[in-house]
Amino acid sequence: MDFNLPELTELERIIQEGHPYLEGRSVCEIELKGHHFPVYVLSIGSKDPAAPAVGFFGGVHGLERIGTRVLLAFLRSLLARLKWDAALHHQLASVRLIFMPLVNPAGMWDSTRCNPRGVDLMRNAPINASEKVLFLLGGQRISSRLPWYRGVSDAPMEAEAQALCGVVQQELLSREFSIALDCHSGFGLKDRIWFPYAHSRTPIRHLPQVLALKDLFNQTYREHNYLFEAQNCQYLTHGDLWDYLYLQVPASSDRVFLPLTLEMGSWRWVKENPRQLFSRLGMFNPKSPGRLHRVLRSHLVWLDFLTRAAGAHQYWMPGSLGQQAQQEHGMHHE
């Protein structure tokens, strides 16, 4: 390559070194200023179409490099463990993991939130908020020169957004149970786990399942620092990709799809180092090597937990036969 995007270079190295466990392919290619950027999807684990799955996504916003780096660190950890960890091999035999660590590589190379066409991919889906949204922040069609641009009305979704949606529809929505985690940064002093909706204040149909997952994590890791909440607790937006994808599952279906967002609290990094305000990337990424390493380590537990929770969903998900059996077993022992 005649350009330098370290995250893309490392991702391609991981694909090469991950053989034979890891499969990687390009789902689309984005052109910018004479350079061509592949958008990769990686898969590892069970090939059974009935197996539960977890999809990990990052780099939707080009300025938020930390999300991509968290997923690359997780991938490196998985590949290192596969050399010696028999329990991980056993785990991956019953769950499928999908990775799109760098959805918007051209935007990251150009140090912009949007894609090369000036579109904010998280405002690009064909779905409108049911209530009033904040000016600009909620998504706008005034101009691509302004932030949070949705794109032209009634136009097809951007290539990167279409690629993400295609992977989710093919790999996750077809399964009985799946989870998606989209890694972002740039909001608040706390790390948050957001769940839909972003376009409506109506609770999602699978709120009991989300809350059961939250309780399971709370019971397993009592000292964690995440705040679980619906995104609409903070603000509403037009065009949210995860709302759009969640609504693709018919209400009459028994399939469970839980799209989550890891929103890393980057205001804390700025508070600790106010000089980051003067950097284009400073509002979204830890700058010091020490802080970066701590952030990368701190989220590995959450990512690993999701893979384990998906593989064992029948034991904790409300209404499942496994959970009912556990409850009955507990009653017999009382």
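Residues numbered from 1 in each chain as written. Predicted model: local features only at pLDDT ≥ 70, side-chain atom pairs only at ≥ 80, totals over all residues. Heavy atoms only, no water.

(A) Inspection of helix α5 (residues 159-171) at higher detail. Under the 1.5 Å per step criterion, the end-to-end length of α5 is 18 Å for 13 residues, consistent within 8% with the ideal 18 Å. Of all the positions in α5, only E160, A161, A163, L164, C165, V167, V168 and E171 are classed as buried. Residues of α5 that are buried sit in contact with β1 (23-32), β2 (35-45), β3 (53-58), β4 (96-100), α7 (241-246) and β8 (256-264). (Helix = DSSP H or I, 4+ residues; strand = E, 2+ residues; numbered from the N terminus. Expected span 1.5 Å × (residues − 1). Buried < 20%, exposed > 50% of the residue type's maximum accessible area, 1.4 Å probe, protein only. Contact = heavy atoms within 4.5 Å.)

(B) Spotlight on the pairing of β8. Most of β8 sits inside the fold, with 9 of its 9 residues counted as buried. Of the two faces of β8, the one carrying V256, L258, L260, L262 and M264 and the one carrying F257, P259, T261 and E263 are both buried. Relative to β8, strand β5 (residues 177-185) is paired through 9 bridges, and the arrangement is parallel. By the bridge assignment, S185 is partnered in β8 with M264. When strand β6 (residues 192-195) meets β8, the two strands line up antiparallel, connected through 3 bridges. Looking at the pairing, W194 lines up with T261 of β8. (Pairing = 2+ DSSP bridges.)

(C) Seen up close, the sheet that holds β1. A sheet is described by the order of its strands in space; here 8 strands give the open sequence β1-β2-β4-β3-β5-β8-β6-β7, paired in mixed fashion. The open sheet has two edge strands with one neighbour each: β1 and β7 (227-230). Across this sheet, the average inter-strand angle for adjacent strands is 20°, counted without regard to direction. Sheet topology places β6 next to β7; 4 bridges connect them, and they run parallel. Residue pairing across strands places W194 opposite E229, the latter belonging to β7. Lying on the sheet, helix α6 (residues 207-220) is in contact with β5, β6, β7 and β8; it crosses β8 at an angle near 55°. (Axes fitted to C-alpha atoms, helices over the stretch in contact; angles between N-to-C directions.)

(D) Seen up close, the side chain of D243. With respect to the helices and strands, the residue D243 is situated in helix α7. Buried within the structure, D243 lacks any salt-bridge partner; its nearest side chain of opposite charge belongs to R123, at an N-O separation of 10 Å. In this structure the side chain of D243 is engaged in a polar contact, spanning 2.7 Å, whose partner is the side chain of H199. (Lys, Arg positive; Asp, Glu negative; His and termini not counted. Salt bridge = Lys/Arg side-chain N within 4 Å of Asp/Glu carboxyl O. Polar contact = N/O pair within 3.5 Å; in protein donor to acceptor, adjacent residues only side chain to side chain.)

(E) View of the nonpolar core. Counting 93 residues, the largest nonpolar core has F56, F257, W302 and L306 as its most contacted members. If you tally residues by element for this core, the top one is helix α2 (residues 65-81), at 9 residues. Other than its neighbours up to four places away in sequence, W302 contacts L181, I193, F217, Y226, F228 and L260. (Core = buried A, V, L, I, M, F, W, Y, C linked by side-chain atoms within 4.5 Å.)

(F) Inspection of α2 at higher detail. Between its first and last C-alpha, α2 extends 25 Å over 17 residues, near the 24 Å set by a 1.5 Å rise per residue. Across the 17 residues of α2, 13 count as buried, placing the element largely inside the fold.

(G) Structural context of unusual backbone geometry. The peptide bond linking H19 to P20 adopts the cis configuration, its omega dihedral lying at 5°. Within the secondary structure layout, P20 lies in the loop between α1 (6-17) and β1. The omega torsion of the bond from P196 to Y197 falls at 15°, within 30 degrees of zero and hence cis. Structurally, Y197 can be placed in the loop between β6 and α6. With phi around 65°, W148 is a residue other than glycine that occupies positive phi space. For W148, a relative accessible area of 24% puts it in the partly exposed group.

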